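# Structure at a glance
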Amino acid sequence: MCCKSKTCCFTGHRKMNDADILKIIGILEDEIVKLIKDGYQYFGSGGAIGFDTIAAETILKLKNNYPHIKLILVLPCERQTRFWNSRDKMRYDTIKSKSDKVVYISREYNPECMYKRNRHLVDYSSICICYLKEGKGGTAYTVHYARKNGLQIRNIANLV
């Protein structure tokens, strides 16, 4: 990723309440548009099922009105989707094909690649938009790491 001061990363839970997803998408879109108007151009997503997917798809949709913004996928390994269902793999492949840049942390899965992906997203960003409802797990770790590293945090879960 480029230009930390103009880069936003996303992190969030894989599972979200179906009834809340449309609200989450609307709030997320509003938050991203505010950042674009503040000069943000680069948006990093980890490519996971759930919030990462929604965030990436929202960036791709907003590129229609803001063609200068860039979606950067930071993926833990090349075969991240090996256990996913066909519907989720199709969404992932579509996002990947439309992304402006794809970064792989590791060729093969290893116990550290998810955490390294999350740290990479944070290390190259100045703000983190998250969907955090639980105090444990990968999302909580990433938000804690982002806060410790001075990123501004915007938690969509507080607005739903």
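Scroll up to find the structure.
Residues numbered from 1 in each chain as written. Predicted model: local features only at pLDDT ≥ 70, side-chain atom pairs only at ≥ 80, totals over all residues. Heavy atoms only, no water.

### Observations regarding the overall build of the protein
- Tallying secondary structure elements over the protein gives 5 helices and 6 strands in all.
- By the compact-globule yardstick of 15 Å for 160 residues, the protein fits well, its C-alpha radius of gyration being 14 Å.
- Taken over the C-alpha atoms alone, the protein extends approximately 40 × 35 × 35 Å along its principal axes.
- Accessible surface, the protein as shown: approximately 8300 Å² in total, 49% of it carbon and sulfur. (Helix = DSSP H or I, 4+ residues; strand = E, 2+ residues; numbered from the N terminus. Rg over C-alpha atoms; globule rule 2.2 N^0.38 Å. Areas by Shrake-Rupley, 256 points an atom, 1.4 Å probe, with all protein chains shown as cover.)

### Some thoughts on the nonpolar core
- With 31 residues, the main nonpolar core has F10, L28, I32, F43, F51 and I129 as its most contacted residues.
- Among the secondary structure elements, those contributing two or more residues to this core are β1 (7-12), α1 (18-37), α2 (51-62), β3 (70-77), α3 (86-98) and β5 (127-131).
- Those residues within four positions of I129 in sequence are excluded, and the remaining contacts are C8, C9, F10, T11, L28, E31, I32, L35, F51, R154 and I156.
- Counting 15 residues, the second largest nonpolar core, distinct from the first, contains V122, Y145, A146 and L151. (Core = buried A, V, L, I, M, F, W, Y, C linked by side-chain atoms within 4.5 Å. Buried < 20%, exposed > 50% of the residue type's maximum accessible area, 1.4 Å probe, protein only. Contact = heavy atoms within 4.5 Å.)

### A word on the packing of aromatic side chains
- This structure, assessed with the given rule, holds 6 aromatic pairs.
- Both rings, one in Y141 and one in Y145, keep their centres 6.3 Å apart while their planes meet at 10°; by these two values the pair is stacked. Of this pair, Y141 and Y145 both sit in helix α5 (residues 138-148), 4 residues apart, which is roughly one turn of the helix.
- For Y141, a relative accessible area of 27% translates into the label partly exposed.
- Within the aromatic cluster, the residues linked to one another by ring pairs are F10, F43, F51 and Y131. (Phe/Tyr/Trp six-rings, centres within 6.5 Å; stacked < 30°, edge-to-face > 60°.)

### Focus: the environment of D20
- Within the secondary structure, D20 sits in helix α1.
- The spatial distance from the C-alpha of D20 to the C-alpha of R147 is 25 Å, given a sequence separation of 127 residues.
- Aside from chain neighbours lying at most four places away, what touches D20 is Y131 and V160.

### With respect to the packing of α2 against α3
- Contact geometry for α2 and α3: axes closest at 10 Å, N-to-C directions at 45°. One element, α2, and the other, α3, form an angle in the oblique class. Like other packed secondary-structure pairs, α2 and α3 cross with a definite hand, here left-handed. Of the residues in α3, those in contact with T53, A56, E57 and L60 of α2 are R91, I95 and K98.
- Classifying every residue of the contact of α2 with α3 gives 3 nonpolar, 1 polar and 3 charged. (Axes fitted to C-alpha atoms, helices over the stretch in contact; angles between N-to-C directions. Parallel < 35°, antiparallel > 145°, perpendicular 65-115°, else oblique. Left-handed = near helix turned anticlockwise from the far one by under 90°. Nonpolar A, V, L, I, M, F, W, Y, C, P; charged D, E, K, R; others polar.)

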